[in-house]
Amino acid sequence: MLVLKEPCYDDREKLYEAIRKMPLFENGFENRFALMSYRQFCQTGITRMQDEGRGINLKPGHVPQSYFFLWADDTIVGLFKIRHYLNEVLREGSGHIGFGIIREFRNRHYGSMGLKLALEKAGEIVREDTVYMSCFRYNEASLKVMLANGAWIDHEDEEIYYTRVKIR
């Protein structure tokens with residue numbers, strides 16, 4: 001069964017294992033926890049993820065962002081981040097949702113199925129009727145995932161596709 005779960009301390013070992021498998025930065029997806037030790041992750045990483053979703057202790061210029069790990073049964077296969085609203089930087093950049101699928105689980109439709117679940121969650125979190133996302137033009141897999149979930153290309157430039165999808 002495929003589900004999205006927010007990070008919790010009880011899952012710390014599997015969360016850490018998943019975070020360590022994701023690159024620090026890949027295709028626009030940033031993993032700010034990749035370089036933490038297990039101890040640091042348990043002491044501050046999980047709490048920081050939870051706090052960001054609650055809008056607590058946000059860095060200047062950041063908006064609340066909820067983390068959802070994509071679980072296939074008892075294995076984490078990816079991570080989805082939902083930003084609650086857009087500021088100017090996000091409006092011209094990464095948008096409401098960012099996601100990454102762990103390399104060993106790619107090409108199994110986890111991205112498409114996970115984004116479907118993330119869009120449902122976004123319907124509960126995001127204030128707007130339309131979710132905005134983006135991906136680099138060379139990242140055809142992410143674009144296919146977005147389009148498979150009802151997104152359309154709103155506009156593009158030399159480097160990035162900017163997509164939209166209705167959630168209400």
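Refer to the structure presented above.
Residues numbered from 1 in each chain as written. Predicted model: local features only at pLDDT ≥ 70, side-chain atom pairs only at ≥ 80, totals over all residues. Heavy atoms only, no water.

Trainee: So what exactly am I meant to see when it comes to the environment of Asp73 here?
Mentor: As for its position among the elements, Asp73 is in the loop between β4 (65–72) and β5 (75–83). Given a relative accessible area of 57%, Asp73 falls into the exposed group. In this structure, the C-alpha to C-alpha distance between Asp73 and Met36, residues 37 residues apart in sequence, is 26 Å. At a separation of 2.4 Å, a polar atom in the side chain of Asp73 contacts the main-chain amide nitrogen of Met1. (Helix = DSSP H or I, 4+ residues; strand = E, 2+ residues; numbered from the N terminus. Buried < 20%, exposed > 50% of the residue type's maximum accessible area, 1.4 Å probe, protein only. Polar contact = N/O pair within 3.5 Å; in protein donor to acceptor, adjacent residues only side chain to side chain.)

Trainee: For this particular structure, what's the right way to read the environment of Ala18?
Mentor: Inspection of the secondary structure assignment puts Ala18 in helix α1 (residues 12–21). We classify Ala18 as buried; its relative accessible area is 3%. Ala18 sits 11 residues away from Pro7 along the chain, and the two C-alpha atoms are 11 Å apart. In this view, Ala18 contacts Ile76 and Ile102; residues no more than four positions away in its chain are not counted. (Contact = heavy atoms within 4.5 Å.)

Trainee: I'm lost on a nonpolar patch on the surface in this one. Help?
Mentor: The grouping of Leu24, Phe25 and Leu35 at the surface amounts to a nonpolar patch, some 360 Å² of accessible area in total. Looking at Phe25, the relative accessible area reads 54%, which means it is exposed. (Patch = residues over 30% accessible without salt bridge, like charges linked within 9 Å, V, L, I, M, F, W, Y side chains within 5 Å. Areas by Shrake-Rupley, 256 points an atom, 1.4 Å probe, with all protein chains shown as cover. Salt bridge = Lys/Arg side-chain N within 4 Å of Asp/Glu carboxyl O.)

Trainee: Just checking my understanding: could you explain the packing of aromatic side chains for this structure?
Mentor: For any pair of aromatic rings, the description rests on two quantities: the centre-to-centre distance and the angle between the ring planes. One pass over the structure, following the stated rule, counts 8 aromatic pairs. Consider the rings of Phe33 and Phe41, whose centres lie 6.4 Å apart with planes at 80 degrees: the pair is edge-to-face. Taking the relative accessible area as the measure of exposure, Phe33 reaches 2% and is therefore buried. Taken together, a centroid distance of 5.3 Å and an interplanar angle of 15 degrees make the contact between Phe80 and Phe99 stacked. Pair noted here: Phe80 is in strand β5 and Phe99 is in strand β6 (residues 97–101), with a separation of 19 residues, a long-range link. Taken together through their ring pairs, the aromatic side chains of Tyr16, Phe33, Tyr38, Phe41 and Tyr67 make up a single cluster. Above the plane of the ring of Trp71 lies Lys5, whose end atom (NZ or CZ) is 4.5 Å from the centre. Its end group placed over the ring of Phe29, Lys81 keeps NZ or CZ at 4.3 Å from the ring centre. (Phe/Tyr/Trp six-rings, centres within 6.5 Å; stacked < 30°, edge-to-face > 60°. Lys NZ or Arg CZ within 6 Å of the ring centre and 35° of its normal.)

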